[in-house]
Amino acid sequence: MGKVSTKKPTRSGDGRVIKKSKGQYQKQSMRLEHSRFGQHLLKNPAIVDGMVERAALKGTDTVLEIGPGTGNLTIKMLPKVNKVIAFEIDQRMVAEVTKRVRGAGMERKLEVIIGDICKSGDLPPFDVCVANIPYQISSPLIFKLLLHRPAFRCAILMVQREFAQRLVAQPGDKLYCRLSLNTQLLARVEHLIKVNLYFVRFSL
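Residues numbered from 1 in each chain as written. Predicted model: local features only at pLDDT ≥ 70, side-chain atom pairs only at ≥ 80, totals over all residues. Heavy atoms only, no water.

With that out of the way, let us pick up the overall build of the protein chain. Regarding its fold elements, the protein chain presents six helices and nine strands. Taking the contacts inside the protein chain whose residues are at least 6 apart along the sequence as the reference set, 65% of them involve residues at least 24 apart. Surface summary for the protein chain: the accessible area is close to 10,400 Å², and the carbon and sulfur share equals 48%. (Helix = DSSP H or I, 4+ residues; strand = E, 2+ residues; numbered from the N terminus. Contact = heavy atoms within 4.5 Å. Areas by Shrake-Rupley, 256 points an atom, 1.4 Å probe, with all protein chains shown as cover.)

And the structure:
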């Protein structure tokens with residue numbers, strides 16, 4: 001499952017081991033808003049359904065989710081796939097999503113890794129990535145995903161508008177940059193839906 005450290009594992013309420021990544025985060029105050037980590041919680045059911053639909057998930061898939069928050073996206077994906085591996089840096093969100101999934105009777109399908117995904121070393125194998133990406137890690141995370149091997153089928157990502165426009169910009173466009181060039185060398189990138197943020201799809 002990749003080089004993820006299991007030293008001093010944290011256990012969830014049902015006794016399952018919740019892995020901590022190699023790049024373990026410093027403990028944060030429970031009073032902090034989730035936006036402290038650069039991410040807005042995904043609450044709109046239509047957006048959640050749209051992301052899941054466009055991921056074209058299969059029953060055999062392992063899905064990588066980054067920043068599950070309270071689990072709105074997680075809970076929609078779990079019935080459709082074999083497993084969801086979720087990276088989460090905020091302990092409050094870990095407690096919330098595990099409680100919610102356990103209440104739905106799907107805890108065996110969920111693995112939560114606590115920590116910063118950009119510092120985690122090699123990612124575990126996965127087929128699809130579906131994520132509402134924290135804006136502070138958008139660029140390094142994109143390249144971590146694109147360089148991941150074995151290659152995954154696709155990624156459905158929610159990102160900020162300007163970042164999405166840079167990803168899909170073509171030579172000659174004002175926003176065309178090194179990010180545009182390098183991303184398009186490694187993947188086919190599509191802009192899918194405009195909401196307050198943007199959906200993009202990566203296919204390797």
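There is more to say, and it comes next.
Counted by the stated rule, this structure contains one aromatic pair. Summarising the aromatic geometry, the rings of Phe126 and Phe152 are spaced 5.0 Å apart at their centres and angled 25 degrees between planes, so their arrangement reads as stacked. Residue Phe126 is found in the loop between β5 (110-114) and β6 (128-132), and its partner Phe152 is found in the loop between α4 (138-146) and β7 (154-159); the two are separated by 26 residues along the sequence. For Phe126, a relative accessible area of 5% puts it in the buried group. For Phe152, a relative accessible area of 4% puts it in the buried group. (Phe/Tyr/Trp six-rings, centres within 6.5 Å; stacked < 30°, edge-to-face > 60°. Buried < 20%, exposed > 50% of the residue type's maximum accessible area, 1.4 Å probe, protein only.)

On average, residues of the protein chain carry a pLDDT of 80, and 75% of them reach 70 or more. With pLDDT under 50 throughout, residues 1-39 is counted as low confidence; its partners more than four residues away or in other chains account for 91 contacts. (pLDDT = per-residue confidence, 0-100.)

For the rest of this paragraph, the subject is helix α6 (residues 178-186). Buried residues of α6: Leu179, Ser180 and Thr183, and no others. One side of α6 carries all its buried residues, which in axial view fall inside an arc of 95 degrees. The exposed set on the far side of α6, more than 90 degrees from its buried face, consists of Arg178 and Leu185. (Arc of directions from axis to C-beta.)

This part is about the pairing of strand β4 (residues 83-88). Where burial is concerned, most of β4 is hidden: five out of the six residues are buried. Where strand β3 (residues 62-66) meets β4, five bridges bridge the pair, whose relative direction is parallel. Bridging from a neighbouring strand, Leu64 pairs with Ile85 of β4. Taking the sense of rotation as the criterion, the β-α-β connection linking β3, helix α2 (residues 72-77) and β4 turns out right-handed. Handedness of the crossover joining β4 and β5 through helix α3 (residues 91-103): right-handed. (Pairing = 2+ DSSP bridges. Right-handed = clockwise from strand over helix to strand, strands pointing away.)

Once that is clear, we can look at the side chain of Glu65. Along the chain, Glu65 turns up in strand β3. It is Arg100 that comes nearest to the buried, bridge-free Glu65 among opposite-charge side chains, at 9.3 Å. A polar atom in the side chain of Glu65 sits 2.6 Å from the side chain of Thr74. Those residues in contact with Glu65 that sit more than four places away from it in its chain are Leu73, Thr74, Met77, Val84, Ile85, Ala86, Phe87 and Val130. (Lys, Arg positive; Asp, Glu negative; His and termini not counted. Salt bridge = Lys/Arg side-chain N within 4 Å of Asp/Glu carboxyl O. Polar contact = N/O pair within 3.5 Å; in protein donor to acceptor, adjacent residues only side chain to side chain.)

Turning our eyes to something else, we now look at the pattern of salt bridges. Per the stated rule, a full pass over the model turns up four salt bridges. The salt bridge partner of Arg153 is Asp61, with a shortest N-O separation of 2.7 Å. Of this pair, Arg153 sits in the loop between α4 and β7 while Asp61 sits in the loop between α1 (45-55) and β3, placing them 92 residues apart in sequence. Accessibility expressed as a relative area gives 31% for Arg153, which makes it partly exposed. A salt bridge links Lys83 to Glu111; its shortest N-O distance comes to 2.8 Å. Of this pair, Lys83 sits in strand β4 while Glu111 sits in strand β5, and the two are 28 residues apart along the sequence. The partly exposed category is assigned to Lys83, whose relative accessible area is 22%. Note on Glu111: relative accessible area 11%, which makes it buried.

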